[in-house]
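What follows is each chain in one-letter form.
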Amino acid sequence: HCCSSARSRPAADPLLLLAWVIGLSFCVCSTFQINTNGFVAMAQPSAESTYLGKMPAGFGMIAALHGDLDTGDGVGKVYYRQDASPATLRQAAEQINRAFPEDDEPEHAVVVTWVDVASRQHHDHSRGDGLEKQLVIASAETTSYAILLYPRKGMQFASTAVGGSSQAMQAGFSKGLVKYLVFSTRQGPYYRITTERETSVRALAEETNSGKRGVWVYEIGTSPYFTSVAPGEVTDLPPDTGLESRVSEEATSKRYPGGGQQVTYSPYEPEEEVYRKEQPHQGPHHGGQFTVLLMFDVLTLLSSSRFTVFSYNSETCANNRNKCSTFADCKDYASGYCCHCRPGYYGNGIQCVSEGKPQRMNGKVNGRVYVGNSPSPVEFNSNDLHSYVVANDGRAYVAISTIPARLGPSLQPLSALGGVIGWAFALEQPGYKNGFSIIGGEFTCQAEVTFLPAQEKLTIKQVFSGIDEHDHLVVSTTLEGRVPEVLRGSTVQIEPYSEIYQYSSNLITSSSTRDYTVSLDDGSAETRTYQWRQTITFQSCPNDEAARAVLPTQMLSVDQVFVMYDSNNELIRYAMSNKIGDVNGEVTSQENSCFTGRHGCDTNAVCRPEQGTQFTCQCAAGFTGDGRSCYDIDECREIPLACGEHSVCNNQPGTFRCECNDGYQFASDGHTCIVDRPVDHCAAGSHDCDITERAHCSYSGGSSYICSCLPGFQGHGRVCQDIDECQSARCHQKAVCYNTQGSFTCQCRPGYYGDGFYCSSERTKSQCETHRDRLLGSTEYGPQPVPGQYVPTCDSQGAYEASQCHGSIGHCWCVDRNGLEIPGTRTGPGRGRPLCIEQGPTVHVYPLPPGTHLLFAQSGRIEFVPLEGYNMKKTEAKTVLHLPEKVIIGVAYDCVEKMVYWTDITSPSISKANLQGGGAIPVIRSDLESPEGIAIDHLGRTLFWTDSMKDRIEVASLDGTKRRVLIDTNLVNPRAIIVDPVNGNMYWADWNRDAPKIETSAMDGTNRRVLVKDDLGLPNGLTYDPQSSQLCWADAGTHMIECMNPVQGDRRKAMGAIQYPFGITSHGKNIYYTDWRRDAVIMVDRQAGTETDVFLPQKQTRLYGITTAYAQCPSGKNYCAVNNGGCTHLCLATPRGRSCLCPNNALGVSCVESEGGQVLRWRERGAGIEVEREGGRY
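Per an unreviewed UniProt entry, the protein goes by the name Nidogen 1 and belongs to Oncorhynchus kisutch. For the record of the protein, the UniProt heading Subcellular location (unreviewed entry) holds the text "Secreted, Extracellular space, Extracellular matrix, Basement membrane".

Caption draft 1: View of the nonpolar core. Ranked by size, the top nonpolar core spans 63 residues in total, and within it Leu407, Leu414, Trp423, Phe425, Leu458, Ile536 and Tyr574 carry the most contacts. Beyond its immediate stretch of four places on either side in the chain, Leu414 contacts Val449, Phe451, Leu458, Val483, Tyr530 and Tyr574.

Caption draft 2: Looking closely at the sheet that holds strand 59 (residues 909-914). Spatial ordering of the open sheet is given by 57-58-59-60, a layout of four strands whose pairing is antiparallel. For this open sheet the edge positions go to strand 57 (888-894) and strand 60 (921-924), each flanked by a neighbour on one side alone. Pairs of neighbouring strands in the sheet enclose a mean axial angle of 30 degrees, with direction left out of account. Summarising the sheet, strand 59 and strand 60 pair through three bridges and their orientation is antiparallel. Bridge pairing links Ile910 to Ile924 in strand 60.

Caption draft 3: View of the sheet that holds strand 65 (residues 974-980). Strand order across the open sheet formed by four strands is 65-66-67-68, with antiparallel pairing between neighbours. The open sheet terminates on both sides in strands that have one partner only, identified here as strand 65 and strand 68 (1009-1012). Averaged over all neighbouring strand pairs, the angle between strand axes comes to 30 degrees, with direction disregarded. Across three bridges, strand 67 (residues 997-1002) lies against strand 68 in antiparallel orientation. Bridge pairing in strand 68 links Thr1000 to Arg1009.

Caption draft 4: Highlighting the UniProt feature "domain: EGF-like" (unreviewed entry) in the protein. Annotation from UniProt places "domain: EGF-like" (unreviewed entry) at residues 590-631, 632-674, 678-721 and 722-760. For the annotated span residues 722-760, helix accounts for 0% and strand for 44% of the residues, and the straight-line distance between the end C-alpha atoms is 30 Å.

Caption draft 5: Region of interest: the pairing of strand 40 (residues 655-660). Strand direction decides the pairing type here: strand 39 (residues 647-652) and strand 40, joined by six bridges, are antiparallel. Each bridged residue has a counterpart across the sheet, and for Val648 the counterpart in strand 40 is Glu659. Linking strand 39 to strand 40, which pair antiparallel, is a turn of two residues; within it Gly654 sits at a positive phi near 80 degrees.

Caption draft 6: Representation of the layout of surface pockets. Estimates place the volume of the second largest pocket at around 1,000 Å³. In terms of lining residues, the second largest pocket is bounded by 47 residues, among which Ile978, Val979, Tyr1024, Thr1107 and Tyr1110 are the most central. When grouped by side-chain class, the residues that make up the lining of the second largest pocket number 24 nonpolar, 19 polar and four charged.

Caption draft 7: A look at the environment of Asp1015. Residue position: Asp1015 is located in the loop between strand 68 and strand 69 (1019-1025). The exposed category is assigned to Asp1015, whose relative accessible area is 64%. Note: C-alpha distance between Asp1015 and Gly1037 (22 residues apart in sequence) is 9.6 Å. Apart from the residues lying within four places of it in its own chain, the contact partners of Asp1015 are Thr1038, Glu1042 and Arg1051.

Caption draft 8: Quick peek at the pattern of salt bridges. Per the counting criterion, the structure on display carries 33 salt bridges. Between Arg98 and Glu94 there is a salt bridge, with its nearest N and O atoms 3.6 Å apart. Here Arg98 and its partner Glu94 are both found in helix 1 (residues 86-99), four residues apart, which amounts to about one turn of the helix. A salt bridge links Asp927 to Arg963, with the shortest nitrogen-to-oxygen separation between them at 3.9 Å. Of this pair, Asp927 sits in the loop between strand 60 and strand 61 (931-937) while Arg963 sits in the loop between strand 63 (952-957) and strand 64 (964-967); the two residues are 36 residues apart in sequence, bridging distant segments of the chain.

Parameters and conventions
Residues numbered from 1 in each chain as written. Predicted model: local features only at pLDDT ≥ 70, side-chain atom pairs only at ≥ 80, totals over all residues. Heavy atoms only, no water. UniProt positions renumbered as here; feature names shortened; annotations may be inferred. Core = buried A, V, L, I, M, F, W, Y, C linked by side-chain atoms within 4.5 Å. Buried < 20%, exposed > 50% of the residue type's maximum accessible area, 1.4 Å probe, protein only. Contact = heavy atoms within 4.5 Å. Pairing = 2+ DSSP bridges. Helix = DSSP H or I, 4+ residues; strand = E, 2+ residues; numbered from the N terminus. Axes fitted to C-alpha atoms, helices over the stretch in contact; angles between N-to-C directions. 1 Å grid on protein atoms, 1.4 Å probe; cavity = no way out; pocket = protein on both sides within 12 Å on 5 of 7 lines; lining within 4 Å. Points joined across faces, edges and corners; volume = space filled by probe spheres on them. Nonpolar A, V, L, I, M, F, W, Y, C, P; charged D, E, K, R; others polar. Salt bridge = Lys/Arg side-chain N within 4 Å of Asp/Glu carboxyl O.

Written out as structure tokens, the structure reads:
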């Protein structure tokens, strides 16, 4: 048998990772091997000199990119795994279907990742020149694919050292040597992706055959006939939307050499379509059509192999002892180190807890759950979860607070919410281990519950983040889906059940069927059933060979299940007894009480079994007593100098904790207290938060900092995991959801139109298209115009083209957005088209539903998030309008006419649109350079804005007429502006880096004064809450939100340690701001000074201005609210009343200016002469 020699596992090789032997359908290899040199081999590779720089090789391989690569210095790593998770398969399907639009979706996948591997000839990990690449082998029912992914940032190197020379690295497929005739071999078929030129290597990151830069997809076999390797069919690259115009925080002001945060933009320039210039070569063939046999049957591979994550790691205990638990020992192995809990403790070495000691868990629960046939979900955020486990008898208690009565009774059957907690600390039968003993306290559990017979499904995801400083296990829980309704007042009884746990490296699965009985108020009862499927993922230590041994299948037995919903306190409780043991449930004839839990030991004691039914009770570490009664040892009192100098000892149950005195901090050993020299670990990069793509480090003073997961991720900040938003049905039912790291996208299915959140089978015709099609009519030969009749022309967006022509008479003219001729623009025959001003794109406005909303700008779009009370209804967020190629900075809302106003720095211009439907309407398009901040006086019907290039503040009527400059001195970079029309005040911020300030004046520009000038950095956003009279600002330089009463001057910090705020608005107790670094809308409780929610838009680009669109206009009046205050032109409120002002271009019109009824000046029509008169009454 050709594979017989491979049945024993090969010896380890520092440069070669040998996987388990697999059964291959064509028997062409002995082992499936992942090589650090960048390829997967189907046989033992020959010496490096025989294949480096070459394709094909003399053995079967799939080469992602092979060369002489270095994974030394504990940096480079190689990982591989078998993966059939929905998220991974969706990602693979996305790549495959883009390259082969008609092909099936995969069912299995193998993922191989080379991380930070460097070419030996270019090796310098300190410069971050390591290369990352990935190979995914995916299999559908009858077809297999290889997906190659290369870094978007480009290839750091393209050559490898071969025999003293430098040659291009190689990518491709090779069958290796095959038998020829009887006693000879020859080179088998192969397929080259790269050539001998380095440019072909660099092209891997720049080009594509799948329609996405750096992603290459190949079909490598179609069952039952494994034929040729076929490359993807889409070599065109779409325009890179990442090039869209945006405001740059590092932009330098052209007018101020000192630099500044000047708003700039660059034009939208789509990249040229790139085609492959060098087609891959195929190997030699002998007559007939060339084919290449698939090197292995991926279906067989996936069904018969087991995978483990490996990494090259030269780290030792000497440098990493502090990564182990305080109650663990570190042990060095050939490839690295591992941590092992000491006797009397159990866990994975990183997390160790005392045997017999009760365990506590705390966490938060978030959910979006539909009950019964309800069309709307019950949503809840950050509900408290508390759990307590008596470890020596396996009894677990779980309580979740603030569960509304609509949902609470229907969650009673889900005692499984505490099931994984029960498994983690289950009472162990002889020879078996509970979950914490195996994997410690850092793991992720995802379960799918299917209720029978109606097939309602609920997904439960629980992320366990380890033990916190209070010795409590931290867990985050998310519920998404639908549950059958349990009527209020009903009770639920859950029958004992068992659950089979199957173990493999870094993966544990379990399943069970559970029955429960619902008893109604009328005395009737109904038995129901649900099925439970669970997957637990974790990271084991890869260096201990014994620890990687696959554990036998175990059975969790659960009985004495108690559930109750307390409607008065909105609290749901679960309790259950858990034992882990033999899969057959076998027990000895005479059970020892230690294994039944009926031993009578103290809850802080461990039961030690002896011969037969004998046992003893022993107090857990940190406690003293006879085992039946145990008392906490006060180590701080009984152990002299338990903590070192400059520290204080705090006793805790079963242990103690040392804390440094004020002015001191722990040294690197974690024990010695040294003088505290404040270090901003966030700025220095010495924090232990997760990577910046997943977490944010917030400096909190001294040497302290806070780790928090970014939107789209969950965890405690030190470890953050992606939230699969696609599990919660975020997209329209006719759309496909694609989960991405930290976000997701929705795309309408073929044949449907929309943004993915709403999809329709028909695209609504525009006014122009309806007009055109009506005139064209329809005949048996298709649409035909009536001879001599004018038919309008529409652009690609369905809008009227700015210039229209009548073909029969040769006349052309300009039209407005409604297709109406603009007087005075018509030209006669032969004179060509007139020069028409584009009216702007047609904007399809999504009408706002009733209620109060947040409106915010995101490059060329304005989106809204509905508010329920003060909370954001994030799942109902939608785009209000889309203006491609524009950069919208400021937004304001007119609550009277339901209009949104915005500033655009690309035109530059100020425009508006009715949120009940309609198009974009230009308001001001001249004498602007960089309009940014914008504010509306809904009482006086006026519009205020700042221009950071012209350095001035202006006002105009809402239609853009009666324009007047209010302030044009001592301004450098004015941006945010707001008005308080009831009190007649105006506020603005100038983020001039040399002298930032916040100023105020009356709304007519008089009585100007500086409110704040000290301790400011980049005050970007302003908001005013008329209910509390609080003026608040967001500062991207100090990273704070601050508030004050403008009259009293009582300045205070509302929120610190924020990242890079831009816009800010308020509603009730909450502040909402946009953040450039997080690309999110963040909600802050102004009173508590805490961040309470985050909304991450679908499109991940910078967010700009934000405002509150109120359902009803705020209460209040001013002098300008009635009859324009009696003014002929501009009426501007002031604290003392109002001022009547003339526009700057008032020459030739009759205009009277007055203040408080006193006429100041008038201008006569046609005279062009300004005459001043004192003392007259107006």
